[in-house]
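Structure assessment
Listed here are the chains, written in short residue letters.
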Amino acid sequence: MTVPQELSRAVRSRASARCQYCLMHESLQGATFHIEHVIPQSKGGRSELENLALACPGCNLHKASRIIAIDPATGEDVTLFHPIRQPWSQHFRLKDYRIEGMTAVGRATVEALNLNHSRRQRIREVEEAFGLYPPTR
């Protein structure tokens, strides 16, 4: 289902051209970021601003329709990070070009979305050269 253009603009504006999961900036990607349902429609999520996030193709494809992942530290199922309801800095921190999960939600999301793939780290390094990394928010 396509998200109405007005809603899409609101999501993009709120995200300031950054993936709301990995914080990658859209300008250097060569791909248009996706409007993603945080709670997938297949699991009852609605197409409303509180459930829509801007996601880079990598995050969106890794997340797919998941809302739960395994915390690698405990082996327990936890909910994935909700970029609208939860502050990014509560669950993650940047260390060099890596994203570290500081909570069960953060650790599970880092693993499930493969946030520290070598390609993603390289992109963060390039973003730094263009003054886009680290993000200012």
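Our subject is the structure that appears above.
Quick look at the nonpolar core now. In this structure, C19, Y21, C22, C59 and L115 are the most contacted members of the largest nonpolar core, which totals 32 residues. Among the secondary structure elements, those contributing two or more residues to this core are α1 (5-15), β2 (52-55) and α4 (104-112). Ignoring sequence-local partners within four residues, the contact set of Y21 consists of E36, V38, A53, A55, C59, K63, F81, P83, W88, L113 and L115.

Because each turn of an α-helix spans 3.6 residues, side chains separated by three or four positions end up pointing in the same direction. In this model helix α5 (residues 118-129) runs 17 Å from its N-terminal to its C-terminal C-alpha over 12 residues, within 8% of the 16 Å that 1.5 Å per residue would give. Packing partners of the buried residues in α5 comprise α2 (57-63) and β6 (98-101). Of the residues flanking the end of α5, it is G131, one or two places downstream, whose phi is positive at about 75 degrees.

Here the focus is the packing of aromatic side chains. All told, the structure shown has 4 aromatic pairs when counted by the stated rule. Ring geometry for Y21 against F81: centres 6.4 Å apart, planes inclined by 80 degrees, an arrangement best described as edge-to-face. In this pair, Y21 is assigned in the loop between α1 and β1 (34-37) and F81 in the loop between β4 (77-79) and α3 (88-91), connecting sequence segments 60 residues apart. Taken together, the aromatic side chains of Y21, F81, W88 and F92 make up a single cluster linked through ring pairs.

Calculation rules
Residues numbered from 1 in each chain as written. Predicted model: local features only at pLDDT ≥ 70, side-chain atom pairs only at ≥ 80, totals over all residues. Heavy atoms only, no water. Core = buried A, V, L, I, M, F, W, Y, C linked by side-chain atoms within 4.5 Å. Buried < 20%, exposed > 50% of the residue type's maximum accessible area, 1.4 Å probe, protein only. Helix = DSSP H or I, 4+ residues; strand = E, 2+ residues; numbered from the N terminus. Contact = heavy atoms within 4.5 Å. Expected span 1.5 Å × (residues − 1). Phe/Tyr/Trp six-rings, centres within 6.5 Å; stacked < 30°, edge-to-face > 60°.

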